[in-house]
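Chain residues, written in single-letter form:
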Amino acid sequence: MAEFELKKYDEVPIGGVVTGGATPELNETGDWRSNRPIFDEDKCIQCLLCWSHCPDASFYIEDEEVQGIDYDHCKGCGICAEICPVDAITMVPEGEDSEDE
Ligand code: SF4
Ligand code: SF4
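Residues numbered from 1 in each chain as written. Chains lettered and ligands numbered in written order. Predicted model: local features only at pLDDT ≥ 70, side-chain atom pairs only at ≥ 80, totals over all residues. Heavy atoms only, no water.

Caption draft 1: A look at the side chain of His 73. For His 73, the location among the structural elements is in the loop between strand S3 (65-69) and helix H2 (79-83). Judged by relative accessible area, His 73 falls into the buried class, the value being 16%. Residues in contact with His 73, not counting those within four places in the same chain, are Pro 24, Glu 25, Asn 27, Glu 28, Thr 29, Gly 30, Asp 56 and Ser 58. (Helix = DSSP H or I, 4+ residues; strand = E, 2+ residues; numbered from the N terminus. Buried < 20%, exposed > 50% of the residue type's maximum accessible area, 1.4 Å probe, protein only. Contact = heavy atoms within 4.5 Å.)

Here it is in structure tokens:
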């Protein structure tokens, strides 16, 4: 987990606006998630549709192939599971799968 000091309520910008660029690494948004995407490497055909559609850039890519999911930032929207043409991603309720980040 990134090290940063939590602000008090009266120090947070109105509306919770992110006022600086390049701050996502400091804000681990994965704990908002209620459903978790589970990636099945054996089914994956590496089309990268999940990577290109993920609104949180939460796919680890190496050598142009999906390696896994960044659970520190994935918010569990389910877009990747919907877009995957071979059902290589399954959404499960958070806490029901032992796969960990
Ligand atoms: S569930 Fe949403 S945020 Fe998480 S990896 Fe899939 S598309 Fe990205
Ligand atoms: S959309 Fe599905 S098949 Fe395509 S890279 Fe992602 S997990 Fe693999």
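Still to come is the rest of the account.
Caption draft 2: Inspection of the site of ligand 2 at higher detail. The full set close to ligand 2 counts 14 residues, and Cys 44, Cys 47, Leu 48, Cys 50 and Cys 84 are the nearest of them. If you map ligand 2 onto the pockets, it falls in the second largest cavity. The class makeup of the residues in the shell around ligand 2 is 13 nonpolar, one polar and no charged. (Near = heavy atom within 4 Å. 1 Å grid on protein atoms, 1.4 Å probe; cavity = no way out; pocket = protein on both sides within 12 Å on 5 of 7 lines; lining within 4 Å. Sits in = over half its atoms within 2 Å of the grid points. Nonpolar A, V, L, I, M, F, W, Y, C, P; charged D, E, K, R; others polar.)

Caption draft 3: Seen up close, the pairing of strand S1 (residues 35-39). The element S1 is largely enclosed, with a buried count of four among its five residues. With five bridges connecting them, S1 and strand S4 (residues 89-93) associate as antiparallel partners. Each residue of the ladder has a partner; that of Arg 36, found in S4, is Val 92. (Pairing = 2+ DSSP bridges.)

Caption draft 4: Up close: the environment of Asp 56. Within the fold, Asp 56 resides in the loop between helix H1 (49-53) and strand S2 (59-62). Setting aside its immediate chain neighbours within four residues, Asp 56 contacts His 73 and Lys 75.

Caption draft 5: Region of the structure containing unusual backbone geometry. Within the chain, Ala 57 stands out as a residue other than glycine whose phi angle is a positive 50 degrees. Along the chain, Ala 57 falls in the loop between H1 and S2. Residue Ala 57 is classed as exposed on the basis of its relative accessible area of 60%.

Caption draft 6: Seen up close, empty space enclosed by the protein. Per the stated rule, a full pass over the model turns up two cavities of 30 Å³ or more. Each pocket or cavity is described by its volume, and for the largest cavity that value is around 100 Å³. Taken together, 13 residues form the lining of the largest cavity, with Cys 54, Cys 74, Gly 76, Cys 77 and Cys 80 sitting closest to its centre. Across the lining of the largest cavity, the residue classes break down as eight nonpolar, three polar and two charged. By volume, the second largest cavity amounts to about 80 Å³. In terms of lining, the second largest cavity is formed by 14 residues, of which the most central are Cys 44, Cys 47, Cys 50, Cys 84 and Ile 89. In terms of residue class, the lining of the second largest cavity is built from 13 nonpolar, one polar and no charged. (Points joined across faces, edges and corners; volume = space filled by probe spheres on them.)

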